[in-house]
2 protein chains.
Amino acid sequence: MINGKKVNGIHVEEAGSLLGNMSSGIELVKDRGSDASLHSCLHGKFVEDRFVYRQTFVIRSYEIGPDKTATMETLMNLLQETALNHVTGSGLAGNGFGATREMSLRKLIWVVTRVHIQVERYSRWGDVVEIDTWVDAAGKNGMRRDWIIRDYHTQEIISRATSTWVIMNRETRRLSKIPEQVRQEVAPFYLNRAAIATEKIDSEKIDKLTDGTAGRIRSGLAPRWSDMDANQHVNNVKYIGWILESVPLKVLKEYDMTSMTLEFRRECRQSNLLESLTSTTASLAHEHHCNNSNNNSINRRPDLQYTHLLRMQADKAEIVRARTEWHGKQKHKSN
Amino acid sequence: MINGKKVNGIHVEEAGSLLGNMSSGIELVKDRGSDASLHSCLHGKFVEDRFVYRQTFVIRSYEIGPDKTATMETLMNLLQETALNHVTGSGLAGNGFGATREMSLRKLIWVVTRVHIQVERYSRWGDVVEIDTWVDAAGKNGMRRDWIIRDYHTQEIISRATSTWVIMNRETRRLSKIPEQVRQEVAPFYLNRAAIATEKIDSEKIDKLTDGTAGRIRSGLAPRWSDMDANQHVNNVKYIGWILESVPLKVLKEYDMTSMTLEFRRECRQSNLLESLTSTTASLAHEHHCNNSNNNSINRRPDLQYTHLLRMQADKAEIVRARTEWHGKQKHKSN
C-alpha cells in the first residue's frame, strides 16, 4: 500500500527501507523467522494510511505493581515509547528525543505541558496490549498527541489518553513558535480524531496546593541517579511515583487510579529535593451510591478525587500539578 | 521437531498448544500477521531441543540512562523476564512468581542468593538484544540459572550472567530441600553448560562493610510504593539503584559498570529506611596501564572496584552485599 505511494501528502519510500537501514551491512546468519514481522513487533508499524502508529506490548513481570497489574508508570512508559517510535518510524526523527530533523537543526525540542489519561482496566502480567497513537494540531503553536490502548486479544479499549506539546529552544529554554519548516514536516501526519471526546477530557485548571491547603505533605524525596533520563533530567514518568508518595497507603492498596491529569510547570534536575503534596478534592462515594441512574461503567463518578503538587523543597517552585481519580478495587472489578 | 516428541526427557505437547491457550475462545478479528511469530516475539521461545529459552527485546526509550545506553537495572529486568517466561513456557508454572506447580502445592518459592553479571558492552536505545537462558543443578539443593545476552544483529555476546537459587517456604520463610517431585519437574531441563567459565566467575566472598570500613554512606533511602513487586517486597532489581546512590557521581558519569555481583541476605519491605555503603576495593588504573601485556579487550582488569552494602537503617541488618567493577567510558569504548 505504501510502496512509493504518496501518503500523508508526501512521497514515502518502501516500508522495507526501515528494515534495510536496521540491518544494512549485517549478515543475518540464522533463521529467525520473518524479520519484517519481528521489526513490527519490536518497533511498531503504521496503520490507517500512515496516520496511526500501532505497537503491541506484553506486560512484563517488572512492570506490575503489588496488585499484579500494570502500574500507571508502566502505561505512561509504553505511551512514550509508542510516541517516540512513531516519530522514528515516520522518518522525521532528528538527533533528539522525539524531535524532527528541522527541529534539531534549530535546537528545538518538544515539551509536554499536559497529559490526561483515563484507565478503564489495568492489564495483568503477561497480557498483551495494542497501543495506537496519532497527532493533530493544537491551536496555532501546539501539537496534540492521543493514544488508545486496547486489550490485544479482545480489542476492548482499556485506556485513552491525550497530551499537549509545545516547542522549546533547548539552549535558551524559552518557548518557540512552530517554525514553518517544522509544521510542513508534521502536518501531513495530522489526524482529526479524538481519543477522548472533548466533553469527557479533564481540561479544568488544577488548583495550586499550598502548605495551608494540602492535607498531606511528604518531604525529602530525593531523585536517584537511576531516575535521570537521556537529557539528564528527571523523566516525566518518574513524577508519578513521587506524587503517589503523599497518597494514603490504604488508597494505593484498595483503589484503582482511573484518571490522571498532569500539568507540567518546570524541569527537575537530580540535585533537587522534592516535596509531594496531596489534598482530597472530594469524597464521592456516598453521592455515587445515591446517584446511580446517571452512571454507567464507562463514565461513572469516581469514589475519590485528589489534587496533587510536586514542588522543589528548597524554594517551593512548582514542578507538576496533578489531579487523580480513584475507584474502589472491588467495586471497579465487579462492573 | 517437538510435535509429540520426547524432549527434556518428557513427552511434550505441540508448541502450538501454548498459542492455543493464549487465544482460546477469542475471535481474532484482524489480520495481524502470524500470531505464532508475535507470540514468540512477545514471550520468547524454546531453542536447542527445549534446553534453552530465547527472547528478543528492543531497548526502550525509558530503559536507558543519562548516557543513552541500557542501564544495569534494565539488563537485570530483562534477565528476570526471560527467566520467568522460561518457566511459563515450560508448562511448569504454578501460581507463584517462577514457582513450579509442585512448588506451589507445597507453598515453596525460589529465592535468589547470588547473581553475577559481566557486561562487555551496553546496548543503546533501539538496539535489539537476544537473551538465552537455561538452568542446571547447583549442588544438592540449589539451581543455577545462566544467561547470555547477544546483540541480535551481529550475534556478538555482549553480556553473560549466572545466578544461584534455593527453595524457601513462603510462610515460614525457612529454606527447604528440593522435594523429589520438584526435582523431577526441573531436572529434564538441566543443561550442563556455563555462560561464564568457572575460573572467570566472581565467586569470592564479599566482605561485610561497616561504618568503619565504608568510605561513603548514604542514609535515609526510602523505598517508594512503586518499588514494590507482586509479593509486596522490594524487587531485587531495585536494590541496584540504591547501591549506586553511594557511588561517586563522577564514577556514574565517566565509567561503565562492567561487572556486578549481588549477594542477597534478607528481604526488604516498604516501611524500612535503607542505608547504602560503598568502599573502594582497589584503584587499578595505574596497574592496568603498566600491565597491558596480560590484558585483552574481553578480560582486562577493571579501572575501579567497589564493595557495597545495602542495610536497614534502624537495626543495620544486611539486605544485600555487592561488588562492582568499572571501566572508564573512553577507554572502554576505544577497545
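- For chain A, an unreviewed UniProt entry supplies the name Acyl-[acyl-carrier-protein] hydrolase and the organism Rosa chinensis.
- The record held by UniProt for chain A lists under Sequence similarities (unreviewed entry) the comment "Belongs to the acyl-ACP thioesterase family."
- Listed in UniProt under the heading Function (unreviewed entry), the comment for chain A reads: "Plays an essential role in chain termination during de novo fatty acid synthesis."

Structural notes on the side chain of H308(A)
Residue and element names in this part refer to chain A.
For step 1, the next point in the chain: Looking at where H308 falls in the secondary structure, it is placed in strand β13 (residues 304–312).
For step 2, the next point in the chain: The exposure class of H308 is buried, given its relative accessible area of 0%.
For step 3, the next point in the chain: Here the side chain of H308 touches T278 through a polar contact of 2.8 Å, side chain to side chain.
For step 4, the next point in the chain: With near-sequence residues (within four places) excluded, H308 lies in contact with L209, I243, V247, L277, T278, V320, R321, A322, R323 and T324.

What about the interface of chain B and chain A?
For step 1, the next point in the chain: Across the boundary between the two partners, chain B contributes 59 residues, which contact 59 residues of chain A.
For step 2, the next point in the chain: Surface buried jointly by chain B and chain A totals about 5,500 Å² across both partners, of which 57% is contributed by carbon and sulfur atoms.
For step 3, the next point in the chain: At the junction of chain B with chain A, the criterion picks out 4 salt bridges.
For step 4, the next point in the chain: Measuring nitrogen to oxygen at the nearest pair gives 3.2 Å for the salt bridge that ties R60(A) to E63(B).
For step 5, the next point in the chain: Here chain B and chain A share 13 residue pairs in polar contact (both at pLDDT 80 or more) between them.
For step 6, the next point in the chain: Taken together, the residues of the side of chain B that touches chain A break down into 26 nonpolar, 16 polar and 17 charged.

Re the environment of G89(A)
For step 1, the next point in the chain: Note on placement: G89(A) falls in helix α3 (residues 72–89).
For step 2, the next point in the chain: Spatially, the C-alpha atoms of G89(A) and K45(A) are 7.4 Å apart, while their sequence positions differ by 44 residues.

Some details on the state of the cysteines
Here, disulfide denotes a covalent bond that connects the sulfur atoms of two cysteines.
For step 1, the next point in the chain: Counted by the stated rule, this structure contains 1 disulfide over all chains.
For step 2, the next point in the chain: C41(A) shares a disulfide with C41(B); S-S distance 2.1 Å. The disulfide joining C41(A) to C41(B) has a torsion of about -100° about its S-S bond and is therefore left-handed. With one member in each of two chains, C41(A) in helix α2 (residues 35–43) and C41(B) in helix α2 (residues 35–43) form a pair that bridges those chains.
For step 3, the next point in the chain: For C41(A), a relative accessible area of 7% translates into the label buried.

Digging into the pairing of strand β4 (residues 52–58) of chain A
Residues and elements named next belong to chain A.
For step 1, the next point in the chain: Summarising burial for β4: 7 of the 7 residues are buried, a large majority.
For step 2, the next point in the chain: Burial of β4 is two-sided: the residues V52, R54, T56 and V58 facing one way and the residues Y53, Q55 and F57 facing the other way are all buried.
For step 3, the next point in the chain: Here strand β3 (residues 45–47) pairs with β4 via 3 bridges, running antiparallel. If you follow F46 over to β4, its bridge partner there is Y53.
For step 4, the next point in the chain: With 6 bridges joining them, β4 and strand β6 (residues 128–138) adopt antiparallel strand pairing. Its bridge partner lying in β6, F57 is registered against V129.

A word on the pattern of salt bridges
Residue and element names in this part refer to chain B.
For step 1, the next point in the chain: Enumeration over the complete set of coordinates arrives at 54 salt bridges over all chains.
For step 2, the next point in the chain: Between E245 and R218 there is a salt bridge, with the nearest N and O atoms lying 3.2 Å from each other. Of this pair, E245 sits in the loop between α6 (238–244) and α7 (249–254) while R218 sits in strand β10 (residues 216–221), and the two are 27 residues apart along the sequence.
For step 3, the next point in the chain: For E245, a relative accessible area of 9% corresponds to the buried category.
For step 4, the next point in the chain: Under the relative-accessibility criterion, R218 is labelled partly exposed at 30%.

Let's talk about the packing of aromatic side chains
For step 1, the next point in the chain: The full count for this structure, using the stated rule, is 10 aromatic pairs over all chains.
For step 2, the next point in the chain: Measuring from centroid to centroid gives 6.3 Å for Y239(A) and W242(A), while their planes differ by 45°, and the two rings are tilted. With Y239(A) and W242(A) both in helix α6 (residues 238–244) and 3 residues apart, the pair spans about one turn of that helix. Each member of the pair, Y239(A) as well as W242(A), is classed as buried.
For step 3, the next point in the chain: Here R193(A) stacks its cationic end above the ring of W134(A), 5.5 Å away from the centre of that ring.
For step 4, the next point in the chain: When the ring centre of F46(B) is taken as origin, the NZ or CZ atom of R50(B), which lies over that ring, is 4.4 Å away.

Scoring rules and cut-offs
Residues numbered from 1 in each chain as written. Chains lettered and ligands numbered in written order. Predicted model: local features only at pLDDT ≥ 70, side-chain atom pairs only at ≥ 80, totals over all residues. Heavy atoms only, no water. UniProt positions renumbered as here; feature names shortened; annotations may be inferred. Helix = DSSP H or I, 4+ residues; strand = E, 2+ residues; numbered from the N terminus. Buried < 20%, exposed > 50% of the residue type's maximum accessible area, 1.4 Å probe, protein only. Polar contact = N/O pair within 3.5 Å; in protein donor to acceptor, adjacent residues only side chain to side chain. Contact = heavy atoms within 4.5 Å. Buried area = accessible area lost by both parts, 1.4 Å probe. Salt bridge = Lys/Arg side-chain N within 4 Å of Asp/Glu carboxyl O. Nonpolar A, V, L, I, M, F, W, Y, C, P; charged D, E, K, R; others polar. Disulfide = S-S within 2.5 Å. Pairing = 2+ DSSP bridges. Phe/Tyr/Trp six-rings, centres within 6.5 Å; stacked < 30°, edge-to-face > 60°. Lys NZ or Arg CZ within 6 Å of the ring centre and 35° of its normal.

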